[in-house]
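Per-entry structural report
Next come the chains, spelled out residue by residue.
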Amino acid sequence: MTKFGIGQGVPRWEDPRLLRGGGRYSDDLNRPGQAYGYVVRSPHAHAKILSIDANAASAKPGVLAIYTGSDILEAGYGSVPCLVAREKADGSPMFSPPNLPLRQDRARYVGDYVAFVVAETLSQARDAAELVEIDYEPLPSVTATKDTRRDGVQDVWDEAPGNVCFVFEQGDADAVDTAIENAHHVTALDLEISRVAVSPMEPRACIGDYDRFEERYTLYTGTQGPHLVRQAMAEPMLRVPQNKLRVVSYDMGGAFGMRSGPYCENLLCLHAAKMLGRPVKWVGDRAEHFMADDQARDNLSSVELALDGNGKFLAFRVKTVANLGAYLTMFGPHSSTNNLGTLAGTYTTPAIYTHVTGVFSNTPSTGPYRGAGRPEAAYVLERIIDTAAAEMGIDPAELRRRNYIPEAALPYQTGLVFNYDSGQFEKNMDTALAMADYDTFEERRTTAKSEGKLRGIGISNVIEQAAGGFPEWAEIRFDPSGTVTVVMGTHNHGQGHETVFRQMLSDKLGLEFEQIHYQQGDSDHGMAGTGTFGSRSSGVGGASLMMAAEKIVDKARQMASHHLEAAEEDIAFADGTFTVTGTDKSISLIECAKLLQNFVTAPPGMDVGLNEWASWRPPAPTYPNGCHVAEVEIDPETGELDITRYVAVDDVGTVLNPLLLDGQLHGGIVQGAGQILMENVVWDSASGQLNTGSFMDYVMPRADNLPNFQSAVNEDAPSPTNPMGIKGAGEAGCVGAMPALMNAIVDALRPTGVRTLDMPATPRRIWEALNRGENS
């Protein structure tokens, strides 16, 4: 037996290397003779670029080149592609703005790309950038989502009147209208989901290199999918075949969706490297992150839930305005349109309709962020359920219980898109309520009241779509010494892939961790790959790895049959050893690999070597689900809030490593709590200037903001669409945390007359709501 197998809580194998300084993050990488690039960014939220004078900057010591929009146009490059196509209200294609890496006529947000300075050192490039003289003609700007469609507002793009990029609808509008019109009770809410800066630990960086003899580019950068970025950049942007671009991403300090596609700096460094004949490195700082990196969320939703006299859900309608920023990222409209099935929740609501208007604004682009539309959908659904429960005088848990999809009804086609294959939704809630001591909550509320505090409890029953659509690849290569290299198309940047994929292979092939070398992140080494996002890596990547391992066993069994002089059907494989059934004759997998690597000992007719690859595409998505319960206490004198308890019960299918699972769930919960309590990107409405440009103003959650989490998993309903029963876990914590925590906050405030509250629920906002009182 191997030391570590599936289901064990193995600490991350990669952590000692990273903690001792062995990480290879983007800024750790350097190339011989490299120069340094620095982006000159717009100080205006919206302005015409009348002229650029780089003469003084070019004369500075060490300056090698200064590129502007005209240089990029002349080079013939293409825009950052948007892979998610949507339509306007009249059915015509949406307007997809030109997104070349340097702007030609206008800058459209504070931090927009105007020029690129390259010098011998970063300091020289930065100093020269200050001397680039740009004549701007400022224009009116719009940053807030609520203002984008207001009469008289300046259009961000002339080609998008009223700032509308697309209109997207799903569901049965007529059925929903009829149900709402005839319902016993209708609850309505207007909900704002704030914009967040992703704020990974490691800011972005990249190196562009060009081999003039092979006419081939190499990009070193942190990305969630090196093959996907190669595909997005090679032909669409660089106008070269994919084999003329290599993308390398070793270690990465956080991504959360923000690093799923190419950025302008990537192409700028590659262009400069080709022009100058030497590598060019760019390193972003935290200020640039807040100004220019892809951001997320930023929705306004009007929500209506229709119920009958017994509290049964009849219909659900959601109308959303989604802020896309000034340009479209590679997955721009994805978050606001691709995971709307989450609006069905775990309930039997028969009629659901959603209408999404994507709008442009003078802000950085928005894109995927942990959950990518799932937390937003779960938030509006679970918030209105709690509000309806209060209005109808029904306990929130009881109202949910009356509307659950029973396990016996699965598979179940919901009222919007999703068809659930498995789940025990009511059991999850029962477990969570017991862990949270829900039945005795009113006693705790009474005690808090006697101490001058307000106490509230919130529930969220959530479900999400995961691990669907895109295939994944895995390769297993044995070398002549019998050790193994595993090459994955996914990308590990905190999830623990180096550990869990070793566990899976160790369990399947009977190998020790030390015998397995793990490779990722190089488009030249892995034959293909999609990448890491959407809670897909363990399920889709893991299935591919197991398929490749099956091929390894099948081929090695032929070698064992030859060596042991027995029929293949008489040979069993277990714990890394082939044995002739009913005898003591055996040979290890490692010995088979060594024999196959030697053309002298490999059987006639067999390919030399033991190397196999596999690709697996899921036939359908999986549906991770769970129940989260939060409890809070508020000081009404100050608005200060304390999360006193947080319980999470999650069904993520088969658990491969409970220790890593806890890390994923806890991280997601913290990110959800951060958005509810404090995170919020803010611009000045008049000037479009960024007010939250550093961690002094953009507040991040800390350990002392949160309690110890109580968590449990339900493995009794594995996914039938995944070979290992895996559903996925990467986003579950964030999806559950946002509604659970806000429901708890509003529950605490409700006795004072507060009906709803927008995020972030800062002490000031809570205090103001308490002092506004009724219907706030």
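One structure accompanies this document, and this report is about it. (Residues numbered from 1 in each chain as written. Predicted model: local features only at pLDDT ≥ 70, side-chain atom pairs only at ≥ 80, totals over all residues. Heavy atoms only, no water.)

1. Side note on the pairing of strand 22 (residues 571-574)
Where a strand is regular, its side chains alternate between the two sheet faces. Note the cut-off: Summary of the burial criterion: residues with accessible area below 20% of their type's maximum are buried, those above 50% are exposed, and those between are partly exposed, where the area comes from a 1.4 Å probe applied to protein chains only. The helix and strand labels rest on DSSP assignments: H or I over at least four residues marks a helix, E over at least two residues marks a strand, and numbering proceeds from the N terminus. Being paired, for any two strands, means DSSP has found at least two bridges between them.
Only one face of strand 22 is buried: it carries I571 and F573, and the other face, with A572 and A574, is open. Two strands pair when backbone bridges link them, and strand 22 and strand 23 (residues 577-580) are joined in this way by 4 bridges, in the antiparallel orientation. By the bridge assignment, F573 is partnered in strand 23 with F578. Once strand 22 ends, the chain turns through 2 residues before running back antiparallel as strand 23, passing D575 with a positive phi of about 55°.

2. Brief notes about the sheet that holds strand 10 (residues 216-221)
Applicable threshold: Each axis is a line fitted through C-alpha atoms, and for a helix only the stretch in contact is used; angles between axes span 0 to 180 degrees, taken between their N-to-C directions.
Read across the open sheet, the 7 strands follow the order 3-5-1-12-9-10-11; overall the sheet is mixed. Looking at which strands have only one partner, the edges of the open sheet turn out to be strand 3 (63-68) and strand 11 (245-248). Going from strand to strand, the sheet's axes swing by 20° on average, the running direction of each strand aside. In this structure, strand 3 lies alongside strand 5 (residues 113-119), joined through 5 bridges in antiparallel fashion.

3. Some details on helix 15 (residues 537-564)
So the rule is basically this: Here the expected length of a helix is defined as 1.5 Å per residue gap, with one fewer gap than residues.
With 28 residues, helix 15 ought to run about 40 Å at 1.5 Å a step, and its terminal C-alpha atoms sit 38 Å apart, in line with that. With 20 of its 28 residues buried, helix 15 lies for the most part within the structure. Immediately downstream of helix 15, the backbone of E565 shows phi near 55°, a positive value.

4. Structural notes on the sheet that holds strand 15 (residues 351-359)
Ordered in space as 7-15-14-13-8, the 5 strands form an open sheet in which the pairing is mixed. Each of the sheet's edge strands pairs with one partner strand only, and the pair in question is strand 7 (164-171) and strand 8 (185-197). The sheet shows a mean angle of 10° between the axes of neighbouring strands, taken without regard to direction. The pairing of strand 14 (residues 313-323) with strand 15 spans 9 bridges and is classified as parallel. Within strand 15, the position partnered with F316 by the bridge is I352.

5. So, the nonpolar core
Counted only if it meets this: Take the buried Ala, Val, Leu, Ile, Met, Phe, Trp, Tyr and Cys residues and link them wherever side-chain atoms come within 4.5 Å; each set so joined is a nonpolar core. Contact definition: two residues touch when any of their heavy atoms are within 4.5 Å.
Residues F116, F316 and I745 are the most contacted members of the largest nonpolar core, which totals 142 residues. Sequence-distant contacts of F116, that is, excluding residues within four places in its chain, are made with G37, Y38, V39, A65, I66, Y67, L102, L268, C269, A272, V280 and W282. Core analysis: the second largest hydrophobic core is formed by 44 residues, V484, A549, A560 and V580 among them.

6. Comments concerning the packing of helix 15 against helix 16 (residues 589-597)
This is how the line gets drawn: For classification purposes, angles smaller than 35 degrees are called roughly parallel, those larger than 145 roughly antiparallel, those between 65 and 115 roughly perpendicular, and all remaining angles oblique. Asp, Glu, Lys and Arg are counted as charged, while Ala, Val, Leu, Ile, Met, Phe, Trp, Tyr, Cys and Pro are counted as nonpolar; the rest, among them Gly, fall into the polar class.
The geometry of helix 15 relative to helix 16 is characterised by a closest axis approach of 9 Å and an angle of 80° between their N-to-C directions. In terms of their interaxial angle, helix 15 and helix 16 are classed as roughly perpendicular. In this structure, helix 15 contributes I552, K555, A556, M559, A560 and H563 to the contact, and helix 16 contributes L589, C592, L595 and L596. Each residue belonging to the contact of helix 15 with helix 16 can be placed in one class, and the counts come to 8 nonpolar, 1 polar and 1 charged.

7. Some words on the packing of helix 10 (residues 374-392) against helix 18 (residues 732-749)
Note the threshold: In a left-handed crossing the near helix is turned counterclockwise from the far helix by less than a right angle, and in a right-handed crossing that turn is clockwise.
Contact pair helix 10 / helix 18: the axes reach a minimum separation of 8 Å and the direction vectors enclose 30°. Relative to helix 18, the element helix 10 is oriented roughly parallel. Note on packing geometry: the crossing formed by helix 10 with helix 18 is right-handed. Each of R374, P375, A378, Y379, E382, R383 and D386 in helix 10 lies in contact with helix 18, whose residues at this interface are C734, V735, M738, P739, M742, N743 and V746. Of the residues assigned to the contact of helix 10 with helix 18, the class counts are 9 nonpolar, 1 polar and 4 charged.

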